[in-house]
Amino acid sequence: MIETDAPTYDWTTARQRRKSWKAEERPKNLFSGESKVGKCQVAGVDVLKIAAHPEGLLRLADSFMVHHKHDWKEESAGVGLPLGLEWQQSKDGRFDFFFSLADGIRCFGLGERFSTLDLRGARHTLCTTDETKHTEFADSLYKAIPFMVLFDGDNSYGFFLDSPAPQRWDLDSELNCEGKIELFTRQGWSMYVFGPAPLPSILDSFSAVTGKAKMPPLWSLGHQQCRWSYPDEETVREIATEFRQRKIPCDTIYLDIDYMDEYRVFTHSPERFPAFTKMIEDLRAQNFNVITIVDPGVKKDEKFPVFKKGLKDNLFCKTQDGEVYIGQVWPGHSAFPDFLKPETRKWWADNHSFYVKNGIAGIWNDMNEPALFNLTRPLPDGMDALPAESAQHFCHSLDDERLGHLEVRNLYGTLMCKSTHQGLIEQRPNERPFILTRSATAGIQNYSAVWLGDNYSWYEHLAKSIPMLLNMGMSGVAFCGVDIGGFFGSCPPEMLIRWYELGIFYPLFRNHCWLEGRAQEPFAYGEKCEMLLRKLIETRYGLLPYIYSLFHEHTTNGAPLMRPLSWHYPQDRIAANADDEFLLGENILVAPITERSKSCRNVYFPEGLWHPFNGGTPVKGGQTLAVEIPLGSVPAFVRDGSIIPMASAMQSTAEYESCTITFKCFGKNAQGMYFEDDGKSFDYERGVYNEWQLSLKEGQLSAVSVHKSFDSAGRKYAVDIEGKNSSFKLS
Ligand code: GLC
């Protein structure tokens, strides 16, 4: 018999835990400081701003999340706030906000959540975290966007808590119709309340405060191929050649961390990428854009010029004792740029000349939560107030004053992107930059697209990508996607095909996987799979004029490209429940299969008439129907009464100008919008673009120009009415 020690339990902790479920009594309000309430109409929506500054403490002078100043008219402090909103300081290092959440109100937004579309019924911690396991246990993920829509048909509200400190949003988790936000800070903050207004107006107004995205380069909407890592030049060239020889459209190839010299940023490996510049030049000639990963960790190496300069000019984060903080990431011991300092951002921005000179088209900012191998859980367990500065891991400085890291943690990734953006804009002034980031907070749309980090090759993650991306859109970030095929694990062919069926509708269309997975490129799976994937990718390219026009709409009113059904059908109670389907713009309903060995699913069709994307009998709306979706087909329906601008086949967007744009009409009377410009410069901001209002009446298509100053004389157009195609003159 083997004798083992009986386990011992700590009964004191057990007793405490047993009691701790009880709701905390509301503590006394400790706030003594200055608070103000202001009012303003922003994009036609009433907005209240409550600003509080604790006494005698450093203030975050300017918010990094607010990009447009508005003229706030001061209100008396006693003004009644909507939804019973109240706030107080409950502890040193904690503010609480209380509000009511009547039955039926749905909660959307809060950035990246592993959740259904409606965030209600749970607690959500906002603290940027490199969480590698996206499961029901995952709370904080890479992004922390403190903006939430309280959706109630046409009378929605929006809450934006402008503070980069950790927060916990409890959305009726105890089923008592109450909401509570705990904000863990000793700094000032502002709370904005938008509404009441319809959902699209709330997003318009929120983006008028935090900034509206600019047009992305057209190529960045094409197909993107990534892998951790293509280890050498030969492999990268081979991948490019495979795409072109097999005629699988693609615009972009990424270089993950192994292109660098021992993971030193702003370098390339002399052994594996000896002719770096030439490789990029040759890929360019094949119409590939190369994107390099850039992580914030700077290798601690006394001989490395970037480290030396950062040290000399005092640009890194510091410990409490004023030493440079050193953490562990890919390069080993590394220092972390203090992006809160404008001089650090400038230095980092200037370093991008390395990439610009080498012809790199875009930058991928990763590990910028920041992720540290020696600090995977940035918040203490069971935190109920912000820890003392000495327990905040390291420090930043702002205007020569010191700030504990947690106070501003959620800003780190966004400020890194701001600096990257600054570098690209300064060095290529009339070229739209493309930046992709993992970490973000409110306002990231001003600088970067986002992807949702390290998912798995799991059907569950394929399905979850819909509500997760919808909530990103509801947080003001339209240019988003997840790793198609899944990052961890190995993606089987059926899953990859199902993932592309949905992925062709993600605004960001990127295939990526980790170093231990099987090859995940669309040509790595045999003939049948390759043929089906090619067709799907071609469909994406066909949709580019529609997607690009939607992007233009987004730059004007903040409307996401991927929209929940409630966006257009706010009164439809069944539509409000749907988060396994969505609308791409107003006109395309996407309802994919997200399970193995299934070929049929229920689709809810909102009111109207819906045409199967690839032809067939239209379906009447207002009902749920079982629909066959064979492997490799396009799981979408087009709204009767719409005109979708579609492009003819191409291998990359370099051929966009010479392809034919067809205005495909669905139904007898139809409407549509079409936007065009040069796809790469900022000339559109100076008015050099065309926007057309298309309409089909009695079998005739007409195009009325809303704006016309871009020379599109060389382009070819056609119209497709009931399957009959003829050329069309757009003038
Ligand atoms: C992180 C990123 C992943 C990348 C890897 C190596 O896990 O999320 O996309 O491939 O680091 O750089």
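Placed above this text is the structure.
Peer 1: I'd like a description of the pattern of salt bridges, backed by residues and values.
Peer 2: It is possible for side chains bearing opposite charge to pair when their charged atoms get close. In total, this model carries 45 salt bridges according to the counting rule given. Of the charged contacts, one joins Arg 123 and Asp 170 as a salt bridge, the two residues approaching to 3.5 Å between their closest N and O atoms. Of the two residues, Arg 123 sits in strand E7 (residues 122-126) while Asp 170 sits in strand E10 (residues 167-171), which places them 47 residues apart along the sequence. Using a relative accessible area of 46% as the deciding quantity, one classes Arg 123 as partly exposed. Judged by its relative accessible area of 17%, Asp 170 is buried. Note that Asp 683 is salt-bridged to Arg 686, the shortest N-O span being 2.8 Å. A single salt-bridge network, built from bridges that share partners, covers Arg 94, Asp 96, Arg 168, Lys 180 and Glu 182.

Peer 1: Quick rundown of helix H9 (residues 412-427)? Include the residues and the values.
Peer 2: The end-to-end C-alpha separation of H9 is 23 Å, in line with the 22 Å expected for 16 residues at 1.5 Å each. Among all positions in H9, only Tyr 412, Gly 413, Thr 414, Leu 415, Met 416, Cys 417, Ser 419, Thr 420, His 421, Gly 423 and Leu 424 are buried.

Peer 1: Tell me about the sheet that holds E7, and name the residues and values.
Peer 2: The five strands are arranged E4-E5-E11-E10-E7 in an open sheet whose pairing can be described as antiparallel. This sheet does not close on itself; its edge strands, each paired only once, are strand E4 (86-91) and E7. Each strand axis lies, on average, 15° off the axis of its neighbour in the sheet, ignoring direction. Relative to strand E11 (residues 178-183), E10 runs antiparallel, the two sharing five bridges. Among the inter-strand pairings, Leu 171 is bridged to a residue of E11, identified as Gly 179.

Peer 1: Which residues make up the sheet that holds strand E30 (residues 609-612), and what values go with them?
Peer 2: One key point about sheets: their strands pair by backbone hydrogen bonds, in either a parallel or an antiparallel sense. Pairing is antiparallel across the open sheet formed by six strands, whose spatial order is E26-E27-E28-E33-E30-E31. Sheet topology places strand E26 (562-563) and strand E31 (619-620) at the edges, where each strand pairs with a single neighbour.

Peer 1: I'd like a rundown of empty space enclosed by the protein, residues and numbers included.
Peer 2: Using a probe with the size of a water molecule, rolled over the atoms, empty space left in the structure can be pinpointed. Evaluation of the coordinates by the stated rule reveals five cavities of 30 Å³ or more. Approximately 240 Å³ is the volume attributed to the largest cavity. What lines the largest cavity is a set of 21 residues, and nearest its centre among them are Lys 214, Pro 433, Gln 445, Tyr 447 and Ser 448. Mapped onto the lining of the largest cavity, the elements with two or more residues apiece are strand E22 (434-437) and helix H12 (527-557). Residue composition of the lining of the largest cavity, by class: 14 nonpolar, five polar and two charged. Of the voids in this model, the second largest cavity is the one considered here, and its volume is about 60 Å³. Along the walls of the second largest cavity sit Phe 114, His 134, Leu 452, Asn 455, His 461, Lys 464, Ser 465, Met 468 and Val 482, which together make up its complete lining. Of the residues belonging to the lining of the second largest cavity, the class tally is four nonpolar, four polar and one charged.

Peer 1: Before we move on, can you summarise the pairing of strand E14 (residues 252-255) with the specific residues and values?
Peer 2: The side-chain alternation of E14 yields two buried faces, one formed by Thr 252 and Tyr 254 and the other by Ile 253 and Leu 255. In terms of strand pairing, strand E13 (residues 224-225) meets E14 through two bridges, oriented parallel. Residue pairing for E14: Gln 225 is matched across the bridge by Ile 253. Between the parallel pair E13 and E14, the chain is carried across by helix H3 (residues 233-245), and the sense of this crossover is right-handed. Handedness of the E14-helix H4 (residues 276-285)-strand E15 (residues 289-294) crossover: right-handed.

Peer 1: I'd like a rundown of the site of the ligand, residues and numbers included.
Peer 2: The immediate surroundings of the ligand are formed by Trp 228, Asp 256, Ile 257, Ile 293, Trp 330, Trp 364, Asp 366, Arg 438, Trp 451, Asp 454, Phe 487 and His 512. Note that an oxygen atom of the ligand is positioned 2.5 Å from one of the side-chain N or O atoms of Asp 256. Arg 438 has a polar side-chain atom sitting 2.9 Å from an oxygen atom of the ligand. Expressed as a share of its isolated accessible area of 300 Å², the protein-covered part of the ligand is 97%. Residues that form the shell around the ligand fall into these classes: seven nonpolar, one polar and four charged.

Peer 1: Describe the packing of aromatic side chains, with residues and values.
Peer 2: Inspection of the entire model under this criterion finds 51 aromatic pairs. Plain terms: the ring middles of Tyr 254 and Trp 364 are 5.4 Å apart, the flat faces sit at 90° to each other, and that makes the pair edge-to-face. One end of the pair, Tyr 254, is in strand E14; the other, Trp 364, is in strand E19 (residues 362-365), with 110 residues separating them in the sequence. The aromatic ring of Phe 288 is capped on one face by Arg 244, whose charged end is 4.0 Å from the ring centroid. The side chain of Arg 510 reaches across the aromatic face of Tyr 254, ending 4.8 Å from its centre.

Peer 1: So what's going on with a negative patch on the surface? Residues and values would help.
Peer 2: On the surface, Glu 343, Asp 399, Asp 400 and Glu 401 cluster together into a negatively charged patch. By the element assignment, Asp 400 lies in the loop between strand E20 (395-398) and strand E21 (401-404). Residue Asp 400 is classed as exposed on the basis of its relative accessible area of 81%.

Peer 1: Go over helix H10 (residues 459-473) with me, naming the residues and quoting the values.
Peer 2: Along its 15 residues, H10 runs 22 Å from first to last C-alpha, staying within 8% of the 21 Å computed at 1.5 Å per residue. The largest bend in H10 is about 35°, located at Ser 465, with the proline Pro 467 one to four residues further on. Among the 15 residues in H10, 13 count as buried, and that is most of the element.

Peer 1: Any details on the environment of Glu 586? Residues and values, ideally.
Peer 2: One can find Glu 586 in the loop between strand E27 (582-584) and strand E28 (588-590). Once the C-alpha coordinates of Glu 586 and Leu 550 are considered, the two residues, 36 residues apart in sequence, prove to be 9.3 Å apart. If near-sequence neighbours (up to four positions away) are discounted, Glu 586 is found in contact with Tyr 546, Arg 563, His 568 and Arg 639.

Rules used throughout
- Residues numbered from 1 in each chain as written.
- Predicted model: local features only at pLDDT ≥ 70, side-chain atom pairs only at ≥ 80, totals over all residues.
- Heavy atoms only, no water.
- Salt bridge = Lys/Arg side-chain N within 4 Å of Asp/Glu carboxyl O.
- Helix = DSSP H or I, 4+ residues; strand = E, 2+ residues; numbered from the N terminus.
- Buried < 20%, exposed > 50% of the residue type's maximum accessible area, 1.4 Å probe, protein only.
- Expected span 1.5 Å × (residues − 1).
- Pairing = 2+ DSSP bridges.
- Axes fitted to C-alpha atoms, helices over the stretch in contact; angles between N-to-C directions.
- 1 Å grid on protein atoms, 1.4 Å probe; cavity = no way out; pocket = protein on both sides within 12 Å on 5 of 7 lines; lining within 4 Å.
- Points joined across faces, edges and corners; volume = space filled by probe spheres on them.
- Nonpolar A, V, L, I, M, F, W, Y, C, P; charged D, E, K, R; others polar.
- Right-handed = clockwise from strand over helix to strand, strands pointing away.
- Near = heavy atom within 4 Å.
- Polar contact = N/O pair within 3.5 Å; in protein donor to acceptor, adjacent residues only side chain to side chain.
- Areas by Shrake-Rupley, 256 points an atom, 1.4 Å probe, with all protein chains shown as cover.
- Phe/Tyr/Trp six-rings, centres within 6.5 Å; stacked < 30°, edge-to-face > 60°.
- Lys NZ or Arg CZ within 6 Å of the ring centre and 35° of its normal.
- Patch = residues over 30% accessible without salt bridge, like charges linked within 9 Å, V, L, I, M, F, W, Y side chains within 5 Å.
- Lys, Arg positive; Asp, Glu negative; His and termini not counted.
- Charge placed at Lys NZ, Arg CZ, Asp CG, Glu CD.
- Bend = angle between axes of the 7 residues up to and from the residue.
- Contact = heavy atoms within 4.5 Å.

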